[in-house]
Amino acid sequence: MTAVFPDIWPALPEIFLAVAGMALLLIGVFRGDGFTRPVSYLTVVVMLLAAILAMGYGAGRVVTFNGMFVMDAFGVFMKVLVLVSAALSVILSLGFNEREQMARFEYPVLMLFATLGMLMMISANDLISLYVGLETQSLALYVIAAFRRDSAKSSEAGLKYFVLGALSSGMLLYGASLLYGFAGTTSFDKIAALFAGGAHASPGVVIGLVFVLTGLAFKVSAAPFHMWAPDVYEGAPTPVTAFFAAAPKVAAIALLTRVLIEPFGHLTAQWHQVLVATAVLSMLIGSFAAIMQTNIKRLMAYSSIGHVGYAMVGLAAGNQDGVRGVLIYMALYVAMNIGAFAVILSMKAKGLMLEQIKDFSGLSKTNPMLAATMAIFMFSMAGIPPMAGFFGKLYVFLAAIEVQDYTLAVIGVLTSVVGAFYYLRIVKIMYFDEPLVVVDKVEDDGMTGILVVTSLFTLLFFVAPAPILNGAAAAAAALFAG
């Protein structure tokens with residue numbers, strides 16, 4: 001037998017990230033923690049270059065590495081989204097890490113390797129490559145959750161994330177082993193061909209699929225597997241929380257979408273009810289549990305659980321329009337989520353971080369621009385037109401209505417009304433309450449840039465929505481063409 005060298009070009013962004021990550025690690029080792037800021041800037045450059053490499057991929061669907069890796073328009077769209085959100089998260093962390101004596105070169109490198117795992121997840125075409133990508137991401141995330149070693153809360157967050165993450169990985173592996181045992185293969189393409197040919201889905205396959213979905217639901221913090229999110233979001237350093245709420249969420253939703261549509265697209269009847277139940281629980285828990293929160297990071301955790309529920313409404317439709325709605329939703333979610341965390345990171349009084357919701361009291365009087373920016377993100381997350389968040393919800397609800405899933409759409413609309421209460425309460429606190437503290441001016445240029453770009457994107461998305469809408473439509477079409 002002659003060895004066949006795999007086609008490495010579709011995996012060029014991943015290979016570039018892996019090589020660059022090792023190079024940056026060596027630079028950090030030899031130059032020390034004093035070189036953290038340059039390593040962070042280089043990490044941002046590497047991520048943006050990887051995004052350009054991904055966008056340079058041509059049309060069509062290419063499978064390589066013995067069928068374990070796939071590259072298509074869906075992969076390109078989600079990878080660019082992950083890389084941009086990861087790069088913004090690194091920029092967000094610069095000032096915070098230096099103020100809190102957390103500036104170590106390992107931080108941006110760990111974020112880079114976590115991002116590498118996310119790209120591998122998005123292009124997984126086999127249950128084995130799915131797991132390798134997932135664990136590459138998770139191992140780096142466990143470490144950065146507990147990166148603030150002198151904080152008991154941060155250590156607790158890392159430990160909780162690790163224990164529950166290990167549990168979810170075990171469930172996913174058990175499900176994968178069942179699928180392999182009953183389907184006879186781990187390849188997505190072969191599983192798809194098996195069921196497209198009319199093969200009966202045995203109870204073992206269905207149970208295996210449910211276990212895999214359970215493991216992935218942990219990763220996206222969908223209810224009822226959301227229990228780690230509020231504690232980890234609150235305990236982890238705020239820039240890490242911003243990262244958790246954006247890039248890993250996008251990658252896990254992308255992986256969940258690919259798993260359900262490609263190998264198990266012919267088993268919609270088997271997974272549809274599971275997804276509907278998860279979506280409903282996520283929307284309800286995300287809406288009602290957030291009302292009682294006093295910490296802004298815990299509120300954002302429940303908010304993200306609710307947003308995952310809305311994205312799953314589109315995915316539950318199981319068709320091309322539904323997937324397009326999910327992609328549009330995630331693109332807009334990243335912008336408003338990164339922007340909201342930029343505001344939270346800017347909330348300082350005499351150099352001390354402010355994390356309580358009551359600290360936003362009278363912000364419009366002490367820092368009107370910051371208050372206006374936060375108001376834009378809150379209106380958008382509530383789904384109030386003409387903000388970007390309204391269009392995200394519109395497309396996923398339309399997809400549900402198209403397949404006559406009226407109950408799911410109605411629950412989505414009603415939970416959006418409940419969610420609007422706690423988003424608008426923050427606006428009320430900022431504009432109608434008296435100030436409790438005087439918030440410092442934003443002096444970080446990177447932070448200011450992110451606040452301006454994300455707020456303008458969120459506010460003016462309706463002016464030129466075509467790039468996102470067309471990109472999402474092409475990505476969804478590619479997934480179904482495969």
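Here the structure is a predicted model, which means the values were calculated and not measured.

The rules behind each value
- Residues numbered from 1 in each chain as written.
- Predicted model: local features only at pLDDT ≥ 70, side-chain atom pairs only at ≥ 80, totals over all residues.
- Heavy atoms only, no water.
- Helix = DSSP H or I, 4+ residues; strand = E, 2+ residues; numbered from the N terminus.
- Expected span 1.5 Å × (residues − 1).
- Buried < 20%, exposed > 50% of the residue type's maximum accessible area, 1.4 Å probe, protein only.
- Contact = heavy atoms within 4.5 Å.
- Phe/Tyr/Trp six-rings, centres within 6.5 Å; stacked < 30°, edge-to-face > 60°.
- Lys NZ or Arg CZ within 6 Å of the ring centre and 35° of its normal.
- Core = buried A, V, L, I, M, F, W, Y, C linked by side-chain atoms within 4.5 Å.
- 1 Å grid on protein atoms, 1.4 Å probe; cavity = no way out; pocket = protein on both sides within 12 Å on 5 of 7 lines; lining within 4 Å.
- Points joined across faces, edges and corners; volume = space filled by probe spheres on them.
- Nonpolar A, V, L, I, M, F, W, Y, C, P; charged D, E, K, R; others polar.

A. Expanded view of helix α19 (residues 466–481). Here α19 spans 22 Å end to end across 16 residues, near enough to the 22 Å set by a 1.5 Å rise per residue. Of all the positions in α19, only I468, L469, A472, A475, A476, A478 and L479 are classed as buried. Residues of α19 that are buried in the fold lie against α3 (73–99), α10 (238–261), α13 (320–346), α16 (388–402) and α18 (445–460).

B. Looking closely at the packing of aromatic side chains. As enumerated under the stated definition, the model contains 15 aromatic pairs in all. For the pair Y174 and F211, a centre-to-centre distance of 4.9 Å together with 90° between the ring planes defines the contact as edge-to-face. Linking Y174 in helix α6 (residues 152–183) with F211 in helix α8 (residues 203–219), this pair joins segments that are 37 residues apart in sequence. Ring geometry for F218 versus F225: centroids 5.3 Å apart, planes at 40°, classification tilted. Among the residues examined, F218 registers a relative accessible area of 5% and is labelled buried. Site record: aromatic cluster; members linked through ring pairs are Y142, Y161, F162, W228, Y233 and F244. In this arrangement the basic side chain of R31 is found over the ring face of F35, its NZ or CZ atom lying 4.3 Å from the centre. The ring of Y310 is capped by K393, whose NZ or CZ atom sits 4.5 Å from the centre of that ring.

C. Representation of α16 in the model. For α16, which comprises 15 residues, the first-to-last C-alpha distance of 22 Å matches the rise-based estimate of 21 Å (1.5 Å per residue) to within 8%. Those residues of α16 lying buried are A388, G389, F391, G392, K393, Y395, V396, F397, A399 and A400. Contacts from the buried residues of α16 go to α12 (296–316), α13, α15 (368–382), α17 (406–432), α18 and α19. Phi turns positive one or two residues past the end of α16, at Q404, with a value near 65°.

D. Main features of the nonpolar core. Ranked by internal contacts, the top residues of the largest apolar core, which has 165 residues, are M78, I144, F243, F244, F264, M330 and F360. The element that contributes the greatest number of residues to this core is α13, accounting for 18 residues.

E. The layout of surface pockets, seen in detail. Considering only enclosed or pocket space, the largest pocket measures out at about 420 Å³ in volume. Around the largest pocket sit 17 residues that line it, and L81, V84, A331, F457 and I468 are the ones nearest its centre. With seven residues, the single largest contributor to the lining of the largest pocket is α3. Along the lines of polarity and charge, the residues of the lining of the largest pocket split into 14 nonpolar, three polar and no charged. Its volume calculated, the second largest pocket comes out at about 230 Å³. In terms of lining residues, the second largest pocket is bounded by N367, M369, L370, A372, T373, I376, K441, V442, T448, L451, V452 and S455.

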